[in-house]
Structure formats: structure tokens, C-alpha cells
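Read off the chains here:
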Amino acid sequence: MEGIVIKSIDYKEKSKLIYLYTPEGMKSVKAIDANKTKLGFITTLNHVEFEHSAGKLPTVLEYSIKKSFYHLYEDISKIQMIMPIIDVIQNIEEEAPHARIFSFVRETLDALETMVSPKFVLSIFLLKMLSVFGVRPALNDCVLCGNQTIVNFSIPQGGALCDKCSFYNEKAYALFQDFKELYYGKGFAVVSLNSSLDTILEQVYNYYLIHVNLRLKSYKI
């Protein structure tokens, strides 16, 4: 089995409980004598392959590191992006399509590693993950009536608003265009935005709070 280490906590003497996100969802395993023999396995953000015993609280038997992303913690701007990503992962429901999500999480970590703007990566990750929670914003037609003449965008109402249901709002319409560019963009390809990334992230955070009931850890530094 493969997984990405999300966190580890002390468990009895010299052991740790390791929580990993895997293509099957969140898994927890016990690592014996972790501080001496399993340092790579308990390190947050390491992408690992592992075998474990049977039982309600399995013990990791063997492991290998596919890739370590721990060095992201050396960059303070990237630490702030990791925190909300882990928040989202830990709140994914059991019945979600974990194999597809796992690939996207790995792609997101790769992008954080290589791209200039961590905030851009976080914006795309958070927006695209809204579909996992079943609250993807309406970006193609009016959230109230289905009309496609969009003039406004409402975070509380969950999407675009047409000229029959609202009035033109320049800043909100610019945000709508940005959400659409980021949500439908291919992977993490750079796109042209109308709003600042701080503005976009602030509104995405509000969207999560209202529609997912999830208060994400702050990205601001």
C-alpha cells in the first residue's frame, strides 16, 4: 500500500501512531520503536509504500520512501499552504473517490515544490476539492435560475448570478472569472487572473466556512 504521511502522534513508549492518506482513504498504523528505526515513515508529507499486519490497529512491518516532501517545511511561505491542504484531506468523507483524490494530492505537492507561487497552487487545490464535498460553485449558469448571462457572483449563494437575479458588480464578476479560470484550468498551468491571490483565497476560505462548515487554518503570514 502507498500513502502520504499526514501526521504522527506518540503512542506508548517509543512508538507512534501514523496517519496516512492513501488511495483507499485515511489509514492509521502503529510504528514500533519509531524514533530509531522508522524515521522516514513517521515524517510528515513523505510519500511511502508500506506493508502492515492485520488487526484493528495494524503495525507497520516494512516501508520504503517513494518521495519526501518534508523539505517544503523549510520555506515559511509553503508551510502556510500545507496547513489548509492537510485540513481538507483530514475532512474528506469515507465514500469519496480516494484513488483519484490521492493522485491530485500528490500532483499538488509536486506543484508546491516546483512553482513560484504557493498561493496559486493552494487556490487551485481548494477550488477543485469543493466538488469532493458536493458544493462546487455554479460557474456556468446562474445558481438561482440557470440563466447564462452572468453579472455577479455570490459566495453565500454558492455561485454565479445572472442579470435577472442580481445587478452587475465589477469586483464580484472579476472573482467569478478567476474562480472559473482556476477551476477549469488544466492541472496547475498558469492562468491570467483579475483579482489578487489574497482576495481569491480569502473568498475560497469563506466558501469553505459557509458551504463545507470547515474553518481552514490561515494561509496568511
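Residues numbered from 1 in each chain as written. Predicted model: local features only at pLDDT ≥ 70, side-chain atom pairs only at ≥ 80, totals over all residues. Heavy atoms only, no water.

Chemist: Hey, could you run me through the pattern of salt bridges in this one?
Modeler: Where charged atoms from two side chains of opposite charge come close, those side chains can pair. The full count for this structure, using the stated rule, is nine salt bridges. A salt bridge links Lys66 to Glu49, with the shortest nitrogen-to-oxygen separation between them at 3.9 Å. Placement of Lys66 in strand 5 (residues 60-67) and of Glu49 in strand 4 (residues 47-52) is noted, with a sequence separation of 17 residues between them. Residues Asp198 and Lys119 are paired through a salt bridge, measuring 2.7 Å at the closest nitrogen-oxygen approach. (Salt bridge = Lys/Arg side-chain N within 4 Å of Asp/Glu carboxyl O. Helix = DSSP H or I, 4+ residues; strand = E, 2+ residues; numbered from the N terminus.)

Chemist: Just to check I follow, could you spell out the packing of aromatic side chains for this structure?
Modeler: With the rule as written, the count across this model stands at 12 aromatic pairs. Centroid distance Tyr70 to Tyr73: 5.3 Å. Interplanar angle 45°. Geometry classified as tilted. Judged by its relative accessible area of 27%, Tyr73 is partly exposed. Measuring from ring centre to ring centre gives 5.9 Å for Phe104 and Phe188, while their planes differ by 10°; the resulting arrangement is stacked. Placement of the pair is Phe104 in helix 4 (residues 98-114) and Phe188 in the loop between helix 6 (170-184) and helix 7 (197-212), with a sequence separation of 84 residues. We note that Phe104, like Phe188, is buried. An aromatic cluster is built from Phe153, Tyr168, Tyr173, Phe176 and Phe179, whose rings are joined through pairwise contacts. Across from the ring centre of Tyr19, 5.2 Å away, lies the NZ or CZ of Lys7, which sits over that ring. (Phe/Tyr/Trp six-rings, centres within 6.5 Å; stacked < 30°, edge-to-face > 60°. Buried < 20%, exposed > 50% of the residue type's maximum accessible area, 1.4 Å probe, protein only. Lys NZ or Arg CZ within 6 Å of the ring centre and 35° of its normal.)

Read these as spatial facts, not as claims about activity.
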